[in-house]
Amino acid sequence: MTHFLTPRMRPLSPRRSLTLSVLDVGSAKVVCLIAQLKPAGEGESLPGRTHVARVIGIGHARSAGLKGGAVVNLDEAERAIRSAVDAAERMARVEVRSVIVNLTGGRLGSVRSSAGISVRGGEVTARDVDAALAAAASQGMQPGRAVLHTLPTGFTLDGQRGVTDPEGLIGRSLGVDMHVVSADAAATRNLMLAVERCHLDVEAVVSTPYASGLACLVDDEADMGVALIDMGASTTSFAVFAGGALAHADAIAVGGYHVTMDVARGLSTRIAAAERLKTLYGSAALTPADERELISVPLVDEFERDIPNHAPKSQLTRIIQPRVEEILELVRDRLRHAGFGAEASRRVVLTGGASQLNGMQEAARRILSAGAAPARVRAGRPLGVKGLPEAAKGPAFAAAVGLLVYPQVAFVEHFETRAGYSHARAGADNYLARVGRWIKDSF
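The residue count restarts for each chain, going from 1 along the sequence in the order it is written. Thresholds applied to this predicted model are a pLDDT of at least 70 for local features of residues and 80 or more for the giving and counting of side-chain atom pairs; totals over whole chains, interfaces and linings are not thresholded and use all residues. The basis for every side-chain value is the complete set of non-hydrogen atoms in the structure, without hydrogens or water.

Keep this limit in mind: UniProt positions are given in the numbering used here, feature names are shortened, and annotations may be inferred rather than shown by experiment.
If you look the protein up in an unreviewed UniProt entry, it shows as Cell division protein FtsA from Camelimonas abortus. Recorded in UniProt under Function (unreviewed entry), the annotation for the protein is "Cell division protein that is involved in the assembly of the Z ring. May serve as a membrane anchor for the Z ring." Turning to the protein, the UniProt annotation filed under Subcellular location (unreviewed entry) states: "Cell membrane".

## Some details on the overall build of the protein
Spelled out, the test is: Only DSSP runs of H or I reaching four residues or more are called helices, and only runs of E reaching two or more are called strands; each is numbered from the N terminus. Here the globule rule is a power law, 2.2 Å times the number of residues to the power 0.38, and the radius of gyration is based on C-alpha atoms. Throughout this description, buried means an accessible area under 20% of the type-specific maximum (1.4 Å probe, protein chains only), exposed means over 50%, and partly exposed covers the range between. In what follows, a contact means two residues having at least one pair of non-hydrogen atoms within 4.5 Å. Using a 1.4 Å probe, the Shrake-Rupley method yields the accessible areas, and only the shown protein chains count as cover for residues. Counting rule applied: Lys, Arg positive; Asp, Glu negative; His and chain ends not counted. The atoms used to mark charge sites are NZ of Lys, CZ of Arg, CG of Asp and CD of Glu.
In terms of regular secondary structure, the protein is built from 12 helices and 23 strands. Its C-alpha atoms give the protein a radius of gyration of 23 Å, within 12% of the compact-globule value 22 Å for 443 residues. With respect to the principal axes defined by its C-alpha atoms, the protein has extents near 80 × 50 × 50 Å. Per-residue burial over the protein gives 53% buried out of 443 residues. A fraction of 71% describes how many contacts in the protein between residues 6 or more apart in sequence connect residues 24 or more apart. Of the accessible surface of the protein, which amounts to about 20,500 Å², a share of 51% is contributed by carbon and sulfur atoms. Of note, the protein has its 50 positive side-chain charges centred 1 Å away from the centre of its 46 negative side-chain charges.

## Points about the environment of L20
Inspection of the secondary structure puts L20 in strand β2 (residues 18-25). A C-alpha to C-alpha distance of 8.4 Å links L20 and I100, two positions 80 residues apart in sequence. The residues touching L20, leaving out its near neighbours within four places in the chain, are L33, I34, A35, L37, I100, E203, L403, L404 and P407.

## Things to note about the nonpolar core
Selection rule: We define the nonpolar core as a collection of buried residues of types Ala, Val, Leu, Ile, Met, Phe, Trp, Tyr and Cys that are connected through side-chain atoms lying within 4.5 Å of one another.
In terms of nonpolar packing, the biggest core is built from 45 residues, with L33, I100, Y210, F241, L404 and Y406 touching the most fellow members. A total of eight residues in this core trace back to one element, the largest contributor, which is helix α11 (residues 398-409). Ignoring anything within four residues of it in the chain, the contact list for I100 reads M9, L20, S21, V22, L23, E203, A204, V206, L403 and P407.

## With respect to α11
In plain terms, the rule: Expected helix span is given by 1.5 Å per residue-to-residue step, counting one fewer step than there are residues.
Taking 1.5 Å per residue, 12 residues should reach 16 Å; α11 reaches 16 Å between its end C-alpha atoms and fits that length. For α11, the complete set of buried residues consists of A398, A399, A400, V401, G402, L403, L404, V405, Y406, P407, Q408 and V409.

## Side note on the sheet that holds strand β14 (residues 236-242)
For clarity, the threshold we go by: By this definition, two strands are paired if DSSP reports at least two bridges between them. Axis lines are fitted through C-alpha atoms, for helices just across the contact stretch, and the angle between N-to-C directions can take any value from 0 to 180 degrees.
Ordered in space as β15-β14-β13-β20-β21, the five strands form an open sheet in which the pairing is mixed. Two strands in the sheet have a free side with no partner beyond their single neighbour: β15 (245-252) and β21 (376-379). Pairs of neighbouring strands in the sheet enclose a mean axial angle of 20°, with direction left out of account. Across six bridges, strand β13 (residues 226-231) lies against β14 in antiparallel orientation. Paired with I229 across the two strands is F238, which belongs to β14. Along the sheet, helix α8 (residues 313-337) contacts β13, β14 and β15; its crossing angle with β15, the most-contacted strand, is approximately 135°.

## Some words on the environment of A194
With respect to the element layout, A194 can be found in helix α3 (residues 185-196). The residues touching A194, leaving out its near neighbours within four places in the chain, are V71, L74, A77, E78 and I81.

## A few points about the environment of L157
Secondary-structure assignment places L157 in strand β9 (residues 145-157). In this structure L157 comes out as buried when scored by relative accessible area, which is 8%. Those residues within four positions of L157 in sequence are excluded, and the remaining contacts are V124, V163, L169, I170, G171, S173 and L174.

## Some details on the sheet that holds strand β12 (residues 201-207)
Read across the sheet, six strands follow the order β12-β7-β2-β3-β4-β22 without closing on themselves; strand pairing throughout is mixed. Sheet topology places β12 and β22 (385-386) at the edges, where each strand pairs with a single neighbour. In the sheet, strand β7 (residues 98-103) pairs with β12 via six bridges, with the strands oriented parallel. When the bridges of β12 are listed, N102 appears paired with V206. Along the sheet, helix α1 (residues 74-92) contacts β2, β3 (29-39) and β4 (51-62); its crossing angle with β4, the most-contacted strand, is approximately 135°. Sitting on the sheet, α3 is in contact with β2, β7 and β12, with an inclination near 145° to β7.

## Thoughts on the confidence of the model for the protein
Should pLDDT be low for a region, the predicted coordinates there are not to be read in detail. Put simply, the test is: Scored between 0 and 100, pLDDT is the confidence that the predictor attaches to each residue.
On average, the protein scores 88 in pLDDT, and the residues at 70 or more come to 90%. The secondary structure element of the protein with the lowest average pLDDT is strand β23 (residues 421-423), at 38, and the one with the highest is α1, at 97. Taken as a whole, residues 417-443 scores under 50 in pLDDT and shows 37 contacts with residues more than four places along the chain or in a different chain.

Structural data, given as structure tokens:
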């Protein structure tokens, strides 16, 4: 099977204003944000951002047709996307034609590759840099995978590491290290197909933990090293940022919905009631007061009637705690296996709706530290975006806001369409599409 390259965003001019639409397709909810991006003045934006975003439209709908972050029913997914986009359009009074979308499922994964070339003429030119980047990117591509991000992490010149911009320097050999983030091609194509069935173009596909990091991390965290964990409904994705860049991305198919199902089974109640109990009284840490506090648990009889019942809060906590610990232990073990256990044991940011469970930060601090000094764990909330309603300023909306930030940093990526590779856009790359791109590129 061939490799697939997801659509490439054009670099965003720091002097250009634009209206941007993004789509966060999660397993619990679908969120559409429409925002105006204006060039930032002195001291107006956060470090690393070129624009100030103001949200003018927001719409969200209950997710449908997704499982484990991947589309499993196109019709249901299309209806959910249409509902969220329609609500955002009515609020903003603009028509959405294209969106940036995130991807959580499809077995997110990272590959680190290196490549080197000989420098002709002694001085490194832009063509030499492009050739080295293309060679490293091609090494990171795998059959059956869709490439989401190709991020250069460092250059070497004649063996000298730490070179940030080799163009114009003198040397004989140029090397580059590359971080390639990919997902299953089928999962990526199906997500894009669900969006395009709503008559929307996909401008870019962004991995969810990368988007959440762009929204939540402060400048020094990405430089010093931090693990970001986005806890969604049916998927927990996570990323490591180091040296100011994305260094690793991964995901596991366990999330907040699995906690809800454990509660429903353990307390013999409906799923809706279990979700309510988890939200109102749930905790990942047991306290002495939990034994004395009683909560109302509606039971269901053979006539499907809710029968009032009371249980100690400690019973609910003892159901929730093992699943939360399992999720965090899986994340810890995957990060250790990838060689990033140290970052997770020092500094952690939790985002996503499931991260708002009481006691989650304490549980993460205990499990991810793994015998070392306690990790610094904090909640990750979207930063530096204006116009968000209060309900959208929490960790559950981090990925959606991060998609608004992505165009401001997309220029650091290297994408090159080469023979043998094809775009992950659903449907055939027909003649009219090619003519349209030629006209757009030429005039």
